[in-house]
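# Examination of the molecular architecture
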Amino acid sequence: MRTNDDDNRFRLMAVHAHPDDESSKGAAAMAKYAADGAQVLVVTCTGGEQGDVLNPEMAPGQHDMGSLRRAELARACELLGVRHQLLGFADSGLAEQADGCFARQPLDVVTAPLVRVMREFRPHVVLAYDRTGGYPHPDHVMCHRAAVEAFDAAGDPDLFPEHGPAWLASKLYFHVGLHPARLAALLDAAVERPPSWAGEVETLLAHDPWPTLPVTTRVPCGEHFATKERALRAHQSQIDPRGFWFVFPADVQRAAWPTEDFHLARTRVHTELPENDLFAGIAETAPLRLVG
């Protein structure tokens, strides 16, 4: 049941494609806002059932990937201090997408449950992927499309009226994770550079043009990088503990680039760019923005 105290707290909702995405994209910022007293909700569109075990240190054998990844998601969100909700769509996989999977659903079918969640949770800020999905997994691309569609549709009382009173979220952001300035700063700060991964990062830096949106908002959250790392490790089936995500230790990242970065895609409030706060321009005791 919602309380008056809930109404007077900032609310942040992040829309992700699979379990583990919430821990690799914006996790430290979410942990920061949760620690500061905001309500934070991770919405995961699929269960990641088509994923393989990617951790070479994990015991081999048959695994129920759906159950395993749901448990990993729950543990990661517990570490981040955020709530989570699964929409229950079927993971599409990277190669052959079966009929009925998330990426092959009509847009209105995947938008409807997101609208319902937005109207129930009433976020002031929504985090999503850009139009590329962050990388070209079909579920990530569909996740972007559905999140943008739901951001608009949730505020229209004529759309999906069966899902409750319309709600106008104030701002929509896209993640800007790996970009040249951040990668260059991390490489400069790293004392030990594993040759294989350093080479791959330097190859990324040489890519032209770099396919990212301009950063409008840098959220200082370096004190939560270690929490982000723990959340990533909770996804033990997907994360190689000696792999790319841990090349740069939390203290190196904190010293070299102590922010997580975002692109402001839509806003219904006035804000000055650049920002250092996802809630910039939104009053702390924001009144309800119900419509109709």
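Above this text is the structure in question.
About the cut-offs
Residues numbered from 1 in each chain as written. Predicted model: local features only at pLDDT ≥ 70, side-chain atom pairs only at ≥ 80, totals over all residues. Heavy atoms only, no water. Helix = DSSP H or I, 4+ residues; strand = E, 2+ residues; numbered from the N terminus. Buried < 20%, exposed > 50% of the residue type's maximum accessible area, 1.4 Å probe, protein only. Contact = heavy atoms within 4.5 Å. Areas by Shrake-Rupley, 256 points an atom, 1.4 Å probe, with all protein chains shown as cover. Axes fitted to C-alpha atoms, helices over the stretch in contact; angles between N-to-C directions. Parallel < 35°, antiparallel > 145°, perpendicular 65-115°, else oblique. Nonpolar A, V, L, I, M, F, W, Y, C, P; charged D, E, K, R; others polar. Pairing = 2+ DSSP bridges. Salt bridge = Lys/Arg side-chain N within 4 Å of Asp/Glu carboxyl O. Expected span 1.5 Å × (residues − 1). Left-handed = near helix turned anticlockwise from the far one by under 90°.

## Overview of the overall build of the protein
What the protein contains, in helices and strands, is ten helices and nine strands. Buried positions account for 53% of the 292 residues belonging to the protein. Taking the contacts inside the protein whose residues are at least 6 apart along the sequence as the reference set, 83% of them involve residues at least 24 apart. Of the roughly 13400 Å² that the protein leaves accessible, carbon and sulfur atoms contribute 53%.

## Focus: the packing of helix α4 (residues 65-80) against helix α9 (residues 225-234)
Axes are the key here: two packed helices are described by the angle between their axes and the distance separating the axes. The interhelical angle for the contact between α4 and α9, taken along N-to-C directions, is 170 degrees, at an axis separation of 8 Å. In this view, α4 runs roughly antiparallel relative to α9, as classed from their interaxial angle. Here Glu 72, Arg 75, Ala 76, Leu 79 and Leu 80 of α4 come into contact with α9, specifically with Thr 227, Lys 228, Arg 230, Ala 231 and Ala 234. When the residues that make up the contact of α4 with α9 are grouped by side-chain class, the tally is five nonpolar, one polar and four charged.

## Points about the sheet that holds strand β2 (residues 39-46)
Pairing in this open sheet of seven strands is mixed, and the strands run β3-β2-β1-β4-β6-β8-β7 from one edge to the other. Every other strand in the sheet has two partners, leaving β3 (83-89) and β7 (217-220) as the edge strands with one partner each. With direction set aside, neighbouring strand axes in the sheet form an average angle of 30 degrees. When strand β4 (residues 125-128) meets strand β6 (residues 171-175), the two strands line up parallel, connected through four bridges. Looking at the pairing, Val 125 lines up with Lys 171 of β6.

## A closer look at the pattern of salt bridges
Using the criterion set out here, one finds twelve salt bridges in the structure. Of the charged contacts, one joins Asp 261 and Arg 218 as a salt bridge, the two residues approaching to 3.2 Å between their closest N and O atoms. Here Asp 261, found in strand β8 (residues 259-267), pairs with Arg 218, found in strand β7; they are 43 residues apart in sequence, far enough to count as distant. Residue class for Arg 218 comes out partly exposed when judged on its relative accessible area of 34%. Two residues, Arg 233 and Glu 229, come together in a salt bridge whose shortest N-O distance is 3.6 Å. Residue Arg 233 and its partner Glu 229 are located together in helix α9, separated by four residues, close to a single helical turn.

## Some details on the pairing of β8
Direction of pairing for β6 relative to β8: antiparallel, over a ladder of five bridges. Residue His 175 lies in a different strand from β8, and its bridge partner there is Phe 262. Bridging between β7 and β8 involves four bridges; their strand directions are antiparallel. Paired with Thr 217 across the strands is Phe 262, a residue of β8.

## Description of helix α6 (residues 138-153)
Taking 1.5 Å of rise per residue, the 16 residues of α6 would be expected to cover 22 Å, and the 22 Å separating its terminal C-alpha atoms lies within 8% of that figure. Here α6 lies mainly inside the structure; twelve of its 16 residues are buried.

## Concerning the packing of helix α5 (residues 107-121) against α6
Packing of α5 against α6 leaves a shortest axis separation of 8 Å and a crossing angle of 55 degrees. Viewed along their axes, α5 and α6 adopt a mutual orientation that is oblique. The handedness of the crossing between α5 and α6 comes out as right-handed. In contact with Leu 107, Val 110, Thr 111, Leu 114, Val 115, Met 118 and Arg 119 of α5, α6 contributes Met 142, Arg 145, Ala 146, Ala 147, Glu 149, Ala 150, Phe 151 and Ala 153. In terms of residue class, the contact of α5 with α6 is made up of eleven nonpolar, one polar and three charged.

Purely geometric numbers; function is a separate question.
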